[in-house]
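Chains, contacts and geometry: an overview
Spelled out from the first residue to the last, the chains are:
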Amino acid sequence: MTIPKRMWWQNSSVYQIYPASFKDSNGDGVGDIPGIISELDYIQSIGVDVIWICPMYDSPQVDMGYDVRDYEDVYRPYGTVQDMEVLIEQTHARGMKIILDLVVNHTSDQHKWFLESRSSKNNPKRDWYIWRPARYVDGQRKPPNNWIGNFGGSCWEWDEHTQEYYLHLFCPEQPDLNWENSATRQAIYDSAMEFWLQRGVDGFRVDTVNMYSKGDMVDAPITDPKSEWQFAGFQYCNGPRMHEFLSEMNQVLQKYDAMTVGECPHTPDMAKVLKYVSRKEKQLNMVFQFDVVDIGQGPYKFQTTPFNWGLPQFKHAIETTQNLIRGNDGWTTVFLENHDQSRSVSRFTSDAPQHRVAGGKLLSLMMSALSGTMFIYQGQELGMVNFPMEWSMDEYKDVDSSNYYKMVADRSHNDPKEMHVAKTSLQHLARDHARVPMSWSDAPNAGFSAAKPWMRALDDAAICNAKQQQSDKSSVLSFWKRMLQLRKQYSDLFVFGEFDLLDKSNLEVFTFTKTWQNKKALVVLNFTAEEQKLVYPTEVRSQKSELLVSTLDTPASDKLAAYEGRIFMLES
Ligand code: GLC
Ligand code: CA
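Reading the values: rules and limits
Residues numbered from 1 in each chain as written. Chains lettered and ligands numbered in written order. Predicted model: local features only at pLDDT ≥ 70, side-chain atom pairs only at ≥ 80, totals over all residues. Heavy atoms only, no water. Helix = DSSP H or I, 4+ residues; strand = E, 2+ residues; numbered from the N terminus. Rg over C-alpha atoms; globule rule 2.2 N^0.38 Å. Buried < 20%, exposed > 50% of the residue type's maximum accessible area, 1.4 Å probe, protein only. Contact = heavy atoms within 4.5 Å. Areas by Shrake-Rupley, 256 points an atom, 1.4 Å probe, with all protein chains shown as cover. Pairing = 2+ DSSP bridges. Donors = N, O, S within 2.8 Å, 3.2 Å for Na, K, Ca; no water. Phe/Tyr/Trp six-rings, centres within 6.5 Å; stacked < 30°, edge-to-face > 60°. Domains from an automatic or database assignment. Buried area = accessible area lost by both parts, 1.4 Å probe. Salt bridge = Lys/Arg side-chain N within 4 Å of Asp/Glu carboxyl O. Polar contact = N/O pair within 3.5 Å; in protein donor to acceptor, adjacent residues only side chain to side chain. Nonpolar A, V, L, I, M, F, W, Y, C, P; charged D, E, K, R; others polar. Axes fitted to C-alpha atoms, helices over the stretch in contact; angles between N-to-C directions. UniProt positions renumbered as here; feature names shortened; annotations may be inferred. Near = heavy atom within 4 Å.

1. Describing the overall build of the protein chain
- Tallying secondary structure elements over the protein chain gives 18 helices and 22 strands in all.
- Its C-alpha atoms give the protein chain a radius of gyration of 24 Å, near enough to 25 Å, the size a compact globule of 572 residues would have.
- Dimensions of the protein chain, computed from the C-alpha atoms along their principal axes, are close to 75 × 60 × 50 Å.
- Taken across its 572 residues, the protein chain has 61% of its residues classed as buried.
- Looking at the protein chain alone, contacts between residues at least 24 apart form 72% of all its contacts between residues at least 6 apart.
- Accessible area of the protein chain: about 22200 Å², with a carbon and sulfur share of 50%.

What follows is the structure, encoded as structure tokens:
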């Protein structure tokens, strides 16, 4: 196979920003765009190349901006279109690029398109959303099918006024757009994409990108007999017209040479994933697969207990996403966190005070050695961790968390044991952990705001904050900076190389090599809180090795410390 030409977005690291929680510039307790602008130098100093801004569009904020009321305006507490223009310009002035979140599977129910659509059955925009008549079972009105929404409950909402149901795969306030209608698609391209591309954005993270084509919408198989509503992800994801829609969308993107990274849940079939990201298919540049971040989750994500997975599973998930690019023209991504995930130190290592720094560095070293475009979520570069079990349920602001807690309360009639299990799971997995204010300093409200923030700031900002870590050579932040440099320096191996897992079934240590032509690196990661013997796998034992980097300043010769990671360069 000929090696495809390298594109700027391949060897880029992307820093994801959650506007509400990044930095508050005007003391109203909510982060904003001027706040982001004020920290661009900090972001640049980490060594990233691109920033990704989570939805900053005008929105009633039922799902933190993933319910867009107007694509062509900005949520006022965050700022204005003009502020965005300054942000774009200031990002470019520092040699970085900027991508936005493209949320076009659904809009807010307050979007003018939906207001028109719901106004009458013969409104010209009626068909811009997905309307269906009721089913009647024993004379009782029922939704058109049994699908469960992503935040629980039926994904159909009854509209009294026009006596039909509309589809919403997420909240009832997030009606799904009808991509089957070509006028709708054109309006999406113009309003949500071109409006911002013309203002200089360099691409998009594309929300729920594989859900636009819903297929025939028949009932889902019954997998949760206790519920009236059933998981249907395998039906509404990757529907029959997906590739046609994405090819069309790509024609708009191509005009601007824009990059795309699509969110691609419920797609375990690698052939399907490859079809989205293969260069010759001209669909998306890359996607976020869920193999790694879904490990240990229950059938309904929170129906599980913390650490309900083993290291072999974790390795396998990483291997799967790494192998996506083996011997073909596809591209992959590396990420452990985003605004929908709890903190990686808490999830995959240990957030105990004596281990959290080591854990943060271990994950940094691992990620920096994996192929694909790398994504870092705000605060991850500091090793921020989940908020503690002591915090009350009032501190969880996300609909996903509160809906789940309510569901368990209803089903168990408030059984204290079940409520404790539910809260334990939320403390480990809730999206809220990523959404607390960024820990800037040990000042009040973690230096995020002069006022009480919209979400409580972490108490441990006293010991884990950007200000302190910037001047501390042994901090997680300093380690990330070093790793991002090494990743660039050895990009053949780390960004583009082939991944080979060497110790599939080892429960404590994760060992892999990266290979590019005649170059090879060996990566060894101790995922336990105990020392482990340093063993060179048989595959590489005969080769001379030289230590490139360790998460420790003075690593032992024959042992790995708790949560220590190392990279060796091998001579062939
Ligand atoms: C994506 C977003 C998530 C949002 C959902 C609905 O999964 O990442 O935050 O709730 O889409 O738009
Ligand atoms: Ca503000």
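2. Quick word on unusual backbone geometry
- At Gln 163, a residue that is not glycine, the phi angle is positive and equals roughly 55°.
- Note that Gln 163 resides in the loop between β9 (156-159) and β10 (164-167).
- Although it is not a glycine, Lys 282 sits at a positive phi angle of roughly 50°.
- Relative to the assigned elements, Lys 282 resides in the loop between α9 (270-277) and β13 (286-288).

3. Here we look at the pairing of strand β15 (residues 373-377)
- Taking burial as the measure, the five residues of β15 include five buried ones, the bulk of the element.
- Along β15, one buried face is formed by Thr 373, Phe 375 and Tyr 377 and the opposite face, lined by Met 374 and Ile 376, is buried too.
- As paired elements, strand β1 (residues 13-17) and β15 share four bridges and run parallel to each other. Each bridged residue has a counterpart across the sheet, and for Gln 16 the counterpart in β15 is Tyr 377.
- Taken together, the two bridges between strand β14 (residues 333-334) and β15 define a ladder with parallel strand orientation. When the sheet's bridge partners are listed, Thr 333 is paired in β15 with Thr 373.

4. Examining the coordination of the calcium ion (ligand 2)
- With distances of 2.3 Å, the protein atoms coordinating the calcium ion (ligand 2) are Asp 24 (OD), Asn 26 (OD1), Asp 28 (OD), Val 30 (O) and Asp 32 (OD).
- In primary sequence terms, the donor set of the calcium ion (ligand 2) follows D-x1-N-x1-D-x1-V-x1-D.
- The exposure class of Val 30 is buried, given its relative accessible area of 17%.
- The class for Asp 32 is buried, based on a relative accessible area of 2%.

5. So, the sheet that holds β10
- The three strands lie next to each other as β6-β10-β9, forming an open sheet whose pairing is antiparallel. Because the sheet does not close on itself, it has two edges, and the strands there are β6 (131-132) and β9.
- In this structure, β9 lies alongside β10, joined through four bridges in antiparallel fashion. The residue of β10 that forms the bridge with Trp 156 is Leu 167.

6. Details of the packing of aromatic side chains
- A full pass over the atoms with the stated rule returns 40 aromatic pairs.
- Consider the rings of Phe 114 and Tyr 129, whose centres lie 4.8 Å apart with planes at 75°: the pair is edge-to-face. On the criterion of sequence distance, the pair formed by Phe 114 in helix α5 (residues 112-117) and Tyr 129 in the loop between α5 and β6 is long-range, its members being 15 residues apart.
- Between the aromatic rings of Phe 307 and Trp 309, the centroid separation amounts to 6.5 Å while the plane-to-plane angle is 35°, which identifies the pairing as tilted.

7. Things to note about the domain arrangement of the protein chain
- In terms of domains, the protein chain is made up of domain 1 (13-105 + 182-387 + 463-480), domain 2 (112-167) and domain 3 (497-571).
- Taken together, the 26 residues of domain 1 in the interface contact 29 residues of domain 3.
- Between domain 1 and domain 3 the total buried area reaches about 2200 Å² when both faces are included, carbon and sulfur atoms providing 69% of it.
- When the buried area of domain 1 at its contact with domain 3 is split by residue, Lys 315, Leu 362 and Leu 365 rank highest and sum to 29% of it.
- Asp 500 is paired through a salt bridge with Arg 326; the nearest N and O atoms lie 3.1 Å apart.
- Connecting domain 1 to domain 3 are nine residue pairs in polar contact (both at pLDDT 80 or more).
- Per-element tally for the side of domain 1 that touches domain 3: the top contributor is helix α10 (residues 311-323), with eight residues.
- Among the residues making up the side of domain 1 that touches domain 3, the classes are represented as 14 nonpolar, eight polar and four charged.

8. Observations regarding the environment of Trp 309
- Within the secondary structure, Trp 309 sits in the loop between β13 and α10.
- Owing to a relative accessible area of 19%, Trp 309 belongs among the buried residues under this scheme.
- In this structure the C-alpha to C-alpha distance between Trp 309 and His 243, which are 66 residues apart in sequence, comes to 34 Å.
- Apart from residues lying up to four places away in sequence, Trp 309 is in contact with Ile 295, Gly 296, Phe 314, Arg 347 and Phe 348.

9. Observations regarding the sheet that holds strand β20 (residues 544-550)
- Taken in spatial order, the five strands of this open sheet run β16-β17-β18-β22-β20, and their pairing is antiparallel. Every other strand in the sheet has two partners, leaving β16 (498-501) and β20 as the edge strands with one partner each. With strand direction ignored, the average angle separating the axes of adjacent strands in the sheet is 25°.
- With six bridges joining them, β20 and strand β22 (residues 565-571) adopt antiparallel strand pairing. Note that in β22 the partner of Glu 546 across the bridge is Met 569.

10. Focus: the UniProt feature "domain: Glycosyl hydrolase family 13 catalytic" (unreviewed entry) in the protein chain
- As annotated in UniProt, the feature "domain: Glycosyl hydrolase family 13 catalytic" (unreviewed entry) corresponds to residues 16-435 in the numbering used here.
- The span residues 16-435 is 34% helix and 13% strand, and its two end C-alpha atoms sit 12 Å from each other.

11. Details of the environment of His 111
- Relative to the assigned elements, His 111 resides in the loop between β5 (97-102) and α5.
- When its relative accessible area of 3% is taken as the criterion, His 111 is described as buried.
- Note: C-alpha distance between His 111 and Asp 67 (44 residues apart in sequence) is 8.8 Å.
- Sequence-distant contacts of His 111, that is, excluding residues within four places in its chain, are made with Val 68, Arg 69, Asp 70, Tyr 71 and Tyr 129.
- For His 111, the side chain forms a polar contact with the main-chain nitrogen of Trp 113, separated by 3.0 Å.

12. So, the side chain of Ser 108
- The residue Ser 108 is located in the loop between β5 and α5 in this model.
- Not counting residues up to four positions away in its chain, the partners in contact with Ser 108 are Pro 60, Asp 67, Val 68, Arg 69, Phe 114, Glu 173 and Pro 175.

13. Some points on the site of ligand 1
- Around ligand 1, a shell composed of 14 residues is seen, among which Asp 63, Asp 207, Glu 263, His 339 and Asp 340 lie nearest.
- Separating an oxygen atom of ligand 1 from a side-chain N or O atom of Glu 263 is a distance of 2.8 Å.
- Within the side chain of Asp 340, a nitrogen or oxygen atom sits 2.4 Å from an oxygen atom of ligand 1.
- Protein chains shield 96% of the accessible area of ligand 1, which is 310 Å² for the free molecule.
- When the residues that make up the shell around ligand 1 are grouped by side-chain class, the tally is three nonpolar, four polar and seven charged.

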